[in-house]
Amino acid sequence: MRVHFIIHDYFEAPGAYEYWARKNNYDVTFTRLYEGDKLPDSISGIDFLIIMGGPQNPETTTAQCSYFDSKKEQAFIANAINSNKVVIGVCLGAQLIGEALGAPYTQSPEKEFGKFTIHMTKAGKRSQLFSHFGDSLGVGHWHYDMPGLTEGAQIIAFSAGCPRQIIEYTKRVYGFQCHMELTRDVVEYLILNGENDLKSAAGFRFVDTPGAIRRHSYSEMNEKLITFLDKLVLSVNPVKPKVRTKSETA
């Protein structure tokens, strides 16, 4: 399995996604846009594409952020989807998936920074990929936007502050507005680089203080995410039963 990450800024790190890929000894590669990396010339060397978050939005221009070309990235994502790759987007990555499929992102009803509960929809509860999530789950958040919905997309989970937390676009393409990948290290990166966001959002219903964000445990959501990823791989690459030879059955 060849897993490729698109990373927009170092403080929006892959966290538990990268841990999962390395735990399974997958071939892991990166496009670190903030370091000047270019998108791969071809999608052929990628089986599983993961697009991380960032402080940008899909309307951010290259004049505003020289290393972020939203339209080019959307075209790359669309190519991956049309090539039947597995694609997951996180926060900005989820919004870019929606844009690539013709569904514009929108502002979320509430800002969410910290750890808050998501609730599974009927579609989420029916899905075998998410059956281990239960009815609700505490997960990480760091956003004020949300991905658009395509015709046929299913909302898997929502929160009190955002109606689109997990979206199934197809059986191979998922958008996570929430940040289930957060680890303590990644949380520190976000806090250090998001002090202004936290200060300006103080007093909002779904914004934790830096101290509260640091005190939260993220291990359960990491484990749930990893189980989902393992299930997703099996769903697109089912294990074929071994054909026994005559000598083995004798």
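By the naming in an unreviewed UniProt entry, the protein is Glutamine amidotransferase class-I, taken from Morganella morganii subsp. morganii KT.

Novice: Explain the sheet that holds strand β6 (residues 136-146) here, please?
Specialist: In sheet architecture, strand pairing relies on hydrogen bonds along the backbone and comes in two forms, parallel and antiparallel. A sheet is described by the order of its strands in space; here nine strands give the open sequence β2-β1-β3-β4-β9-β8-β7-β5-β6, paired in mixed fashion. Strand pairing shows two members of the sheet lacking a second neighbour, β2 (27-32) and β6, which therefore form its edges. Averaged over all adjacent pairs, the angle separating strand axes in this sheet is 20°, with direction ignored. Where strand β4 (residues 86-90) meets strand β9 (residues 173-176), four bridges bridge the pair, whose relative direction is parallel. Looking at the pairing, Val90 lines up with Phe176 of β9. Lying on the sheet, helix α2 (residues 70-82) is in contact with β1 (2-7), β3 (48-51), β4 and β9; it crosses β3 at an angle near 150°.

Novice: How do you make sense of unusual backbone geometry when you look at a structure like this?
Specialist: Most peptide bonds take the trans configuration, and most residues that are not glycine carry a negative phi. The backbone of Asn84 shows a phi angle near 70°, a positive value even though the residue is not glycine. Its location among the elements puts Asn84 in the loop between α2 and β4. By relative accessible area, which is 46% here, Asn84 ends up partly exposed.

Parameters at a glance
Residues numbered from 1 in each chain as written. Predicted model: local features only at pLDDT ≥ 70, side-chain atom pairs only at ≥ 80, totals over all residues. Heavy atoms only, no water. Pairing = 2+ DSSP bridges. Helix = DSSP H or I, 4+ residues; strand = E, 2+ residues; numbered from the N terminus. Axes fitted to C-alpha atoms, helices over the stretch in contact; angles between N-to-C directions. Contact = heavy atoms within 4.5 Å. Buried < 20%, exposed > 50% of the residue type's maximum accessible area, 1.4 Å probe, protein only.

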